[in-house]
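Read off the chains here:
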Amino acid sequence: MRASLIQIAVDEGESIASRRRRAASLVREQAGADLVVLPELWTTGAFAYEDFGREAEPLQGPTYEAMAKAAADAGVWLHAGSIPERAPSGDGATGEGTLYNTSLVFSPSGELAAAYRKIHRFGFDKGEAVLMGAGRDLVTVRHPRTTLGLGTCYDLRFPELFRGLVDAGAEVLVLPAGWPERRRAHWTLLAQARAVENQAFVLACGTAGTHAGVPQAGHSIAVDPWGEVLAEAGPGEEVLTVDFDPARVAATREQFPALKDRVLGLAPPTR
Ligand SMILES: NC(=O)CCC(=O)C(=O)O
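These numbers were taken from a predicted model, which means no experiment stands behind them. (Residues numbered from 1 in each chain as written. Predicted model: local features only at pLDDT ≥ 70, side-chain atom pairs only at ≥ 80, totals over all residues. Heavy atoms only, no water.)

An account of the side chain of Thr147 is requested, with residue identities and associated values reported.
Among the secondary structure elements, Thr147 is positioned in strand S7 (residues 146-150). A polar contact is formed between the side chain of Thr147 and the side chain of Arg142, at a distance of 2.6 Å. (Helix = DSSP H or I, 4+ residues; strand = E, 2+ residues; numbered from the N terminus. Polar contact = N/O pair within 3.5 Å; in protein donor to acceptor, adjacent residues only side chain to side chain.)

Structure (structure tokens):
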């Protein structure tokens, strides 16, 4: 299985329309890949909080349209990263105009295969954490070669989410991100940890460039179920291509069956 991680640069000097055209063109260049992945919030930038409201799109907005067409043109499964989604009222959102950080996955015919609303919002008491609503649902995607489990950026710090995805059958954990350079060491460490503890592949696609004054880490990474780094990008814009065999997940879990030794429902300490 071949995956292409498009580590696009998100810089303030480029308009969203231009970046959307470039992203579509980069997706088209990946014809032949089994899976193409874009990063988190690559239209606005994950830290451009003041742009979220202005640039938010309905689910089937301009980014959806451009990515559905690019997936169909290239004939690839496309994880199109995430968009700032403006949710319609009455769909479970807390109020009119609630935003979500929503990932979109398209099949090679350009149909929407899955949408995932980021569960853990970043920023503590500001930024995404106050501007966007929290997703509630774990999402897996049945790909012809494997099962994908979806997370987004800050989700990487919450192992229980990925364990839930593994329990639902995920073998390849796909994580678009807008991770900052300042915490790059955490990015690499956590990507490897999620792979080792879940005996799963991790494909983590970040952004390059600088937006809202936050230099991005780049260094998109593909990790195998043993925790070995299969491929890692540099800091700038690049397409990271990696070949791997999803059957290694079952083989690793059989040869070193640690997941079978889980003990659930532990009693809390009594004092
Ligand atoms: N966009 C994000 O979720 C940023 C996460 C981050 O910077 C961190 O976890 O550190």
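Talk me through the site of the ligand; I want residue IDs and the actual numbers.
As a matter of local geometry, the ligand sits amid Glu40, Ala46, Phe47, Lys118, Phe122, Cys153, Tyr154, Arg157, Gly178, Trp179, Pro180 and Arg183. Here a nitrogen atom of the ligand sits 3.0 Å away from a polar atom, N or O, in the side chain of Glu40. Contact between the ligand and Arg183: an oxygen atom at 2.5 Å from a side-chain N or O atom of the residue. Protein contacts shield 99% of the accessible area of the ligand, which totals 290 Å² for the unbound molecule. (Near = heavy atom within 4 Å. Areas by Shrake-Rupley, 256 points an atom, 1.4 Å probe, with all protein chains shown as cover.)

Describe the side chain of Glu85, and please don't skip the residues or the numbers.
Within the secondary structure layout, Glu85 lies in strand S3 (residues 78-86). With relative accessibility at 3%, the residue Glu85 sits in the buried group. In terms of polar contacts, Glu85 uses its side chain to reach the side chain of Arg117, at 3.0 Å. Residues within four places of Glu85 in sequence aside, it is in contact with Glu57, Leu59, Thr98, Leu99, Tyr100, Thr102 and Arg117. (Buried < 20%, exposed > 50% of the residue type's maximum accessible area, 1.4 Å probe, protein only. Contact = heavy atoms within 4.5 Å.)

Tell me about the pairing of strand S13 (residues 229-232), and please be specific about residues and values.
Direction of pairing for strand S12 (residues 221-223) relative to S13: antiparallel, over a ladder of 3 bridges. By the bridge assignment for S13, Val223 is matched with Val229. Hairpin connection, S12 to S13: the antiparallel pair is bridged by 5 residues, and Gly227 has positive phi, about 90 degrees. (Pairing = 2+ DSSP bridges.)

Can you break down the sheet that holds S3 residue by residue, with the values?
On the basis of which strands lie adjacent, the open sheet formed by 6 strands has the order S5-S4-S3-S2-S1-S14 and mixed pairing. Whereas interior strands pair on both sides, the edge strands pair on one side only; in this sheet they are strand S5 (112-117) and strand S14 (238-243). Neighbour to neighbour, the strand axes of the sheet diverge by 25 degrees on average, direction disregarded. By the bridge criterion, 5 bridges tie strand S4 (residues 99-106) to S5 in an arrangement that is antiparallel. Across the sheet, the residue bridging to Ser103 is Tyr116, located in S5. (Axes fitted to C-alpha atoms, helices over the stretch in contact; angles between N-to-C directions.)

Describe the packing of aromatic side chains, naming the residues involved and giving the relevant values.
Scanning all chains against the criterion turns up 11 aromatic pairs. On the numbers, 5.0 Å between centres and 80 degrees between planes, the contact of Tyr64 with Phe106 is edge-to-face. With Tyr64 in helix H3 (residues 62-74) and Phe106 in strand S4, this pair connects stretches of sequence that are 42 residues apart. Summarising the burial analysis for this pair, Tyr64 and Phe106 share the class buried. Ring centres 5.4 Å apart and planes at 40 degrees place the aromatic pair Trp179 and Trp187 in the tilted group. Here Trp179 falls in the buried class, since its relative accessible area comes to 4%. Sitting above the plane of the Tyr100 ring, Arg117 keeps its charged end 3.9 Å from the centroid. (Phe/Tyr/Trp six-rings, centres within 6.5 Å; stacked < 30°, edge-to-face > 60°. Lys NZ or Arg CZ within 6 Å of the ring centre and 35° of its normal.)

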